Amino acid sequence: MLKIERRPAPVWVRAVIPLAAILVTFILTSILILVAKANPFEAYYHFLIAPLSGQVSAIEVLVKSTPLLLTGAAVTFAFSAGYWNIGAEGQLLAGAIAAAGLGMALETFPPIVAIPVMILGGFLAGMVWAAIPALLKVKLAVDEVVTTLLMNTVILFLISFLLNGVWRDPLSGWPQSAQIADSAIFPKLIPRSRLHLGFLLAWVVIGLIWLVINRTALGMRMRSVGMGPEAARFAGVKVGRTMLTAALVSGGIAGLAGVSEVAGIHYHLIEAISANYGYTGIIAATLGGLNPLGVSLAALFIGLIDTGAQSVSRALGVPIFLGNVVQATLLLVTLGMLLLQNYRIRRV
Amino acid sequence: MDIFLVGLIAATLRVATPLIFGTLGELICERAGILNLGIEGTMFLGAFTGFAVASVTGSLWLGFAAAVAAGVIAGLLMGLLTVRLGVNQHVSGLGLTLLLTGISLFAYRIIFGERSVQPSIDTFPKLAPFGNLPVLGPIFEQYALTYLAIALVPLLWWLIYRTNFGLQIRAAGENPEATDAAGVNVFRVRFLALAIGGGLMGAGGAFLSLAQLGSFIFGIISGRGWVCIALIIFANWHPVRVLWGALLFGGVFALQLRLQSTGMKLPYELFLALPYLVTIIALTLAGRNASAPAALLKPYRRE
């Protein structure tokens, strides 16, 4: 007889779950590929293998994963402390506004000044945008899920206001800002590619949050609040202060994603500066199990799916939105399958 | 009463309609203990399904019914994740929104391809029961779905406060353990609440594509689902207050549109952002005495 018990599963199960989730996702989404009259095996070749088989497209995977590494790190940092920051999208946009504003203003400064100032400014802007819901949560116990979500929409109006008004590009007349100064543009890591300094910045951030979460007193307080604020308070942790710190740093990191997109990719502020990177960051953080290394692998994988979706669309005419469906399905399947790690099967 | 004011009231009711559908849908879910962040995606799916079925079959009501059915399925999917499996409600709701948005866009491309001209359909006609009433007549010139939305408010109130099923929903949202002990199947009640709620959200989305626009555009919902989430708190989880909240939001939005069309130079984005800011302030003020269902966000497991 076999019996299912509610006890932590053996360690190897945890390692297998992500792979099993990917497999299940592909089986589920192949229905849509069949609907689009394409061969699922061919489609998944273009999805996963083709982007990695050429140098240009392989680098593009890294480019696409750059904002996700940052938003994934941002979400991870807040979630670790039990602060449900759904607002990485808005905080990213705040960082993008700051980067564009500073980037346009710093014309006379050399890159060695302009770039650090922009990075710092973007971090602060993300922090400021995160501060409103965070303070409401900590001081007045207002649920942060709803407020961070609403702040995402509010800042979109601010961007629209800027781009249709004072910041409208005088050259093109389009609703986009003027181009940032040459000295503010992120240098390329590989010549003649789109891979830029932001990718390096993202890895530094990933390394730092790993260090903070796992090796500092602040990280320990954050994790204890994340596991249960009541118990943490009882153990003498200042819950409000810890949560506030986590929320603000999280907002700052998300702001860096905005800086990276403006200074590394677009060079203008545009309304569509973020392709839902803030929300996709939540996917990356969840898939990676809130472990910085796992989160960065998840961000790279999502970058691969984004690049792959373009390649499937070009080669087989399958709508590019398949990429969005695969990402969301993967998230939901993983959420469901993570429950398996709470159970083990025993022979009785 | 001048024409400006009459037009404003009529537009307010129109803008409020999808919000009433969506918020009532979310209300049922939350009263049963589930925060359904899948609402944005469910409304998007409803808008798409309604439009696609209506343009293929030529029947607007068939499109509407299909949108409601799609919403019910979306609600059941949310139930599978949060009720059956008991996973985190925030993340699964957002995941559901991303999934349903992606599937809708994918299916739209499959059915309609990439066209330079936006496919469109003839919308529902407006009813004018008091068409020849002087001055006030235009206020009642509304789509049938607007009347349906307003009629749903007392209906939902009756369902939640005056029926046995409503009692079970409230009980499941307040204290699932005791509800279970009293012999009520909490899982079933929560699933049903999510199904009904999803159907209402789908209806709200379909109003936009079948009545207001007559087409399906990618920004068709553009955050209306999140507004509904906010309105619930504004309404303190009460169906009648949902109506006032939706009308207030609709009013500000309609006023902004009117002022813009009169050529007044004003930062209309500020007006658009205003309802969100008001909601955040309302949340802050209501925060202390808000009566959220006690078991909201808590998965129920039988040991």
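Residues numbered from 1 in each chain as written. Chains lettered and ligands numbered in written order. Predicted model: local features only at pLDDT ≥ 70, side-chain atom pairs only at ≥ 80, totals over all residues.

*Asks:* What is the right way to read the packing of helix α4 (residues 88-105) of chain A against helix α6 (residues 144-164) of chain A from this model?
*Replies:* Axis angle and axis distance: for two packed helices, these are the angle between their axes and the distance between the axes, and together they describe the pair. Residue and element names in this part refer to chain A. At their nearest, the axes of α4 and α6 sit 8 Å apart, and the two run at 25° to each other. On the basis of the axis angle, α4 is roughly parallel to α6. Considering how the two elements wind past one another, α4 and α6 form a crossing that is left-handed. Residue-level inspection shows Glu89, Gly90, Leu93, Ala94 and Ile97 of α4 in contact with α6, the latter providing Met151, Asn152, Ile155, Leu156, Ile159 and Leu162. Residues belonging to the contact of α4 with α6 are distributed by class as follows: eight nonpolar, two polar and one charged. (Axes fitted to C-alpha atoms, helices over the stretch in contact; angles between N-to-C directions. Helix = DSSP H or I, 4+ residues; strand = E, 2+ residues; numbered from the N terminus. Parallel < 35°, antiparallel > 145°, perpendicular 65-115°, else oblique. Left-handed = near helix turned anticlockwise from the far one by under 90°. Contact = placed C-beta atoms within 7 Å. Nonpolar A, V, L, I, M, F, W, Y, C, P; charged D, E, K, R; others polar.)

*Asks:* Would you explain helix α2 (residues 39-57) of chain B in this entry?
*Replies:* Helical geometry note: an α-helix holds 3.6 residues per turn, so side chains three or four residues apart project in the same direction. Residues and elements named next belong to chain B. In this model, α2 (19 residues) spans 26 Å end to end at C-alpha, consistent with the 27 Å of a helix rising 1.5 Å per residue. Burial of α2 is extensive: 17 of the 19 residues sit out of reach of the surface. Where α2 ends, the next residue or the one after it, Gly58, has phi of about 80°, a positive value. (Expected span 1.5 Å × (residues − 1). Buried ≥ 20, exposed ≤ 12 C-beta atoms within 10 Å, placed from the backbone.)

*Asks:* What is the right way to read the interface of chain B and chain A from this model?
*Replies:* The figure often quoted for interface size is the accessible area lost as the parts come together. Taken together, the 34 residues of chain B in the interface contact 36 residues of chain A. Only α4 (89-112), α9 (224-234) and α11 (268-286) of chain B provide two or more residues apiece to the side of chain B that touches chain A. Counting residues per element, the side of chain B that touches chain A draws most heavily on α4 of chain B, which supplies 14 residues. Among the residues making up the side of chain B that touches chain A, the classes are represented as 22 nonpolar, ten polar and two charged.

*Asks:* Help me out: how do you make sense of the environment of Gly258 of chain A in this one?
*Replies:* All names here are of chain A. Within the secondary structure layout, Gly258 lies in helix α10 (residues 239-266). Distance in space between the C-alpha atoms of Gly258 and Val204 is 16 Å, their sequence separation being 54 residues. Discounting residues that sit within four places of it in the chain, Gly258 has contacts with Leu92, Leu93, Ala94, Gly95, Ala96, Ala99, Gly122, Gly126 and Ile273.

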